[in-house]
Amino acid sequence: MLAHQRNCNVPKAGFLAWPAQRTGRALGALGPLAMPAMSTLFFNLDGMLFRCLVSEWRSLLSVSPGCRDLTGYTAEELVGGTNLSLASLLHPEDCAAVRGTILAALDTGVRYCMEYRIVCRDGEVKWVLERGIGLRDDAGRQIIEGYLEDITDRVQAQIQLAETELRYRSIFENSVIGMFQSSENGRYLAANQALATLYRYPTPEALISSLADIATGLYVDRRRRDDFKRLIQHDGLVSHFESEVLCRDGSRIWISENAHAVYAPDGALLYYEGTVEDVTERHRYQSVLQHQSTHDPLTGLPNRNLLQDRLEQAVQLAQRQVSKVVLAFIDLDNFKVINDSLGHAAGDELLIEIAARLRQVLRGVDTVARYGGDEFVLIMGDQASCEDTRHLLERVLSSIQEPLALAGHALRINCSIGVSVYPDDAQDLDSLLRVADVAMYHAKKSGKGQYHFYTRDLNQIVQDRFVLESALQSAIERNELTVVYQPKVDAASRIKGFEALVRWNSAGHGLVTPDRFIPLAEETGQILAIGEQVLYAACLAAANWPLIDGQTLSVAVNLSARQLKEPRLPAMVADALLVSGLPPDCLELEITESMIMGDVEHTIHVLKSIKALGVRIAVDDFGTGYSSLSYLQRLPIDTLKIDRSFVSGCDRGGKAMAIPHAIIFLGKTLDLYIVAEGVETEAELAMLSVCGCDEFQGYLFSRPMQAAAVADYLQGCLS
Ligand code: C2E
Ligand code: MG
Ligand code: MG
């Protein structure tokens, strides 16, 4: 409301009357009119009230005092001056537009309103809002009465806003990362080109209009949209939210979303907005890695990691269904021999073939995993009965036993299987595997190509074995193992040397025979330490034995398969000879046939380097292994020891003598020295001597004796 003012004139004409004066100043350029009610407003109004002629020049007839602040010109300068007018203030670029607006308004007789720039007295450019209306004055001239308001600040803010928006729009539109705004009900409200391209749409508009429901139209797993919303609701945002999505062309990609919710001031959800990145490559790479970390690269079967998962799943299912899970531990028989003799490529081929056969035999729900080297594990859930399991195991055995061609050889492979059952035998993978391994071990021992279910007494065997292993370890560490010596004599019963045999007189276990602890030590690797101790002890003992008939007696030391694989074996033998001072040809190392059959080339190489020291080599227990005669020819050996089993009872002659006879004949042909072991009777001795056997060892002459007893024994030989 306008306040009434004293000293203000009553307006004469027009929609606005100019007040005559406020401070007693002459009316002058302010114009002839005044309206008492508005004089205060007139004099104090920011901006400029004006009256001008309707002409191109728009000469001003009167202005309000606000003109000074607005333009820098006084009212006197603006009104009636020859150089100044409303048009002269105009920014040159806006002249045409202003003129056009005014003419149009005058034509139609309506009020106009426009924004444009003026150039002030000091050259400053200001934005003004001009509102006006055309009318006629008392003289009948066409005039305009109007008001100019300084809107520079607002316009500049608008310009700034527009520029900012433009900048953001540019980021949005030109970003290489997909961006979106989506409604809660699953529609895109906005999307940029990058997102459209990502989802194989030509334009953002096409994406927005075609994709009616993100949950069903985009995500491969429609529950992802609910996950997305739930996460945002819970955490306010989602970050690195990865999902597989369906593109317009039907292809699938993996995306990673970062998004948050935008809320109205009253807390209502307006929309979600966020970014989308294509992570398909990374995902593919990850799945390759994932596959690699869970599968065996050679056979493609699940590895131990995945086996663990699968067993857990099977156990959970069995718990729910109150059923059983059967775990079978499979170990191929003689795989090592094949690997060593036919080469690793053939070994690999064999494993691949076995894996394929196992896969074929099992049902889809079962798991077959490669556990290590030649070991496979089967997990069979939901086994209806023990009978079913047995049938399946029979099928596994016969499938593996099927003939196969490998590196040009037709082979038959066998395997031994140990079986454990959840929950009867154990509760977790490690324990199930452990007891299945125990059962497998037992299967192997009772003849290859068999399966064996785990039973509690087997566990006792394993526990005993474990206890024995620990006791053996401390015996080795405390040097509790001793060496006994068994004489070897010639046909005339003259002493030629001794075989060194290890003994373990355990405090807790009593006298443990080598048959019990040597195979165990082989498995655990403890045989390396034992072998070393025996070698040094035997060499030192033999070096101190007196000469018999002017000759140093020899000592035979047994080697294990493990020792033969030790690269430092030749050096160790050389050192034992050096340390003891024993002449090399007085040391004989005994190897068994099965040791030769492993890696023949390697064995030949190692034996040659030992032989080069001057040490003799004997093949022990000859006739019980599978040595090929052609290998015998190539090996640098000196002696064959006929196994005790052929010696025992050979005096019966006929068939009983056939094998010892053949061995002696073969050995002689190859120029080898022949020793018969386990000679217990004079008759055996006589029979073997007749056939040409060179040396004899057995209870007939002496049982193995303590080192200390050897001196007395030899004394007896001398006297
Ligand atoms: P081996 O090398 O064939 O040793 C001969 C085995 O036959 C010895 O058993 C010996 O006591 C036994 N023996 C000798 N004469 C007779 C006989 O007339 N009748 C009968 N029934 N047995 C006889 P021992 O000492 O129990 O050794 C068994 C096996 O343990 C050895 O067979 C050898 O393979 C292994 N062994 C013993 N000591 C060592 C060692 O220091 N290192 C390695 N690697 N193995 C060893
Ligand atoms: Mg021996
Ligand atoms: Mg032997």
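Everything below is about the structure printed above this text.
Residues numbered from 1 in each chain as written. Chains lettered and ligands numbered in written order. Predicted model: local features only at pLDDT ≥ 70, side-chain atom pairs only at ≥ 80, totals over all residues. Heavy atoms only, no water.

### Things to note about the coordination of the magnesium ion (ligand 3)
Here is step 1 of the chain: The coordination sphere of the magnesium ion (ligand 3) contains the protein donors Asp620 (OD), Asp621 (OD), Glu677 (OE) and Glu677 (OE), at a distance range of 2.0 to 2.5 Å.
Here is step 2 of the chain: The sequence motif formed by the donor residues of the magnesium ion (ligand 3) is D-D-x55-E.
Here is step 3 of the chain: For the pair the magnesium ion (ligand 3) and the magnesium ion (ligand 2), the metal-to-metal distance amounts to 4.0 Å, and Asp620 bridges them. Pair noted here: Asp620 is in strand 23 (residues 616-622) and Glu677 is in strand 25 (residues 673-677), with a separation of 57 residues, a long-range link. The residues Asp620 and Glu677 share a single accessibility class, namely buried. (Donors = N, O, S within 2.8 Å, 3.2 Å for Na, K, Ca; no water. Helix = DSSP H or I, 4+ residues; strand = E, 2+ residues; numbered from the N terminus. Buried < 20%, exposed > 50% of the residue type's maximum accessible area, 1.4 Å probe, protein only.)

### Examining the site of ligand 1
Here is step 1 of the chain: The environment of ligand 1 is formed by 23 residues, the closest being Arg503, Asn558, Asp620, Glu680 and Tyr699.
Here is step 2 of the chain: The contact in question runs from an oxygen atom of ligand 1 to an N or O atom on the side chain of Arg644, over 2.9 Å.
Here is step 3 of the chain: Interatomic distance of 2.5 Å between a side-chain N/O atom of Glu680 and a nitrogen atom of ligand 1.
Here is step 4 of the chain: Compared with its free state, where it exposes 790 Å², ligand 1 has 86% of that area covered by protein.
Here is step 5 of the chain: Where the shell around ligand 1 is concerned, the elements lending two or more residues are strand 19 (495-506), helix 18 (514-524) and strand 23.
Here is step 6 of the chain: Element by element, the count of residues in the shell around ligand 1 is highest for strand 19, at four residues.
Here is step 7 of the chain: Its residues assigned to classes, the shell around ligand 1 shows nine nonpolar, five polar and nine charged. (Near = heavy atom within 4 Å. Polar contact = N/O pair within 3.5 Å; in protein donor to acceptor, adjacent residues only side chain to side chain. Areas by Shrake-Rupley, 256 points an atom, 1.4 Å probe, with all protein chains shown as cover. Nonpolar A, V, L, I, M, F, W, Y, C, P; charged D, E, K, R; others polar.)

### Here's the deal with the nonpolar core
For soluble globular proteins, the rule of thumb is that nonpolar side chains tend to be buried together.
Here is step 1 of the chain: The biggest cluster of nonpolar side chains holds 77 residues, and the ones touching the most others in it are Tyr485, Trp545, Leu587 and Leu688.
Here is step 2 of the chain: In this structure, Leu332, Leu350, Ala355 and Val368 belong to the second largest nonpolar core, which totals 34 residues. (Core = buried A, V, L, I, M, F, W, Y, C linked by side-chain atoms within 4.5 Å.)

### Things to note about the coordination of the magnesium ion (ligand 2)
Here is step 1 of the chain: Distances from the magnesium ion (ligand 2) to its protein donors, namely Glu499 (OE), Asn558 (OD1), Glu590 (OE) and Asp620 (OD), fall within the range 2.0 to 2.2 Å.
Here is step 2 of the chain: Sequence spacing of the donor residues for the magnesium ion (ligand 2), all on one chain, is E-x58-N-x31-E-x29-D.
Here is step 3 of the chain: Take Glu590: its relative accessible area is 1%, and that puts it in the buried class.

### Quick look at a nonpolar patch on the surface
Here is step 1 of the chain: Residues Leu540, Leu578 and Val579 make up a contiguous nonpolar surface patch of roughly 300 Å² in combined accessible area.
Here is step 2 of the chain: With respect to the secondary-structure elements, Leu578 resides in helix 21 (residues 569-580).
Here is step 3 of the chain: Using a relative accessible area of 69% as the deciding quantity, one classes Leu578 as exposed. (Patch = residues over 30% accessible without salt bridge, like charges linked within 9 Å, V, L, I, M, F, W, Y side chains within 5 Å. Salt bridge = Lys/Arg side-chain N within 4 Å of Asp/Glu carboxyl O.)

### Some words on helix 14 (residues 344-361)
Here is step 1 of the chain: For helix 14, with 18 residues, the first-to-last C-alpha span of 26 Å sits near the 26 Å given by 1.5 Å per residue.
Here is step 2 of the chain: Here helix 14 has its buried residues at Ala346, Gly347, Leu350, Leu351, Ile354, Ala355, Arg357, Leu358 and Val361.
Here is step 3 of the chain: Summarising the contacts, the buried residues of helix 14 are in contact with strand 11 (325-332), helix 13 (335-342), strand 12 (367-372), strand 13 (375-381), helix 15 (386-401) and strand 14 (404-406). (Expected span 1.5 Å × (residues − 1). Contact = heavy atoms within 4.5 Å.)

### Some remarks on the sheet that holds strand 5 (residues 142-150)
Here is step 1 of the chain: Here five strands make up an open sheet; going across it, the order is 2-1-5-4-3 and the pairing antiparallel. The sheet is open, and its two borders are formed by strand 2 (60-63) and strand 3 (112-119), each paired with just one other strand. Strand-to-strand, the axes of this sheet are offset by a mean angle of 30°, without reference to chain direction.
Here is step 2 of the chain: Direction of pairing for strand 3 relative to strand 4 (residues 125-136): antiparallel, over a ladder of eight bridges. When the sheet's bridge partners are listed, Val119 is paired in strand 4 with Val125. (Pairing = 2+ DSSP bridges. Axes fitted to C-alpha atoms, helices over the stretch in contact; angles between N-to-C directions.)

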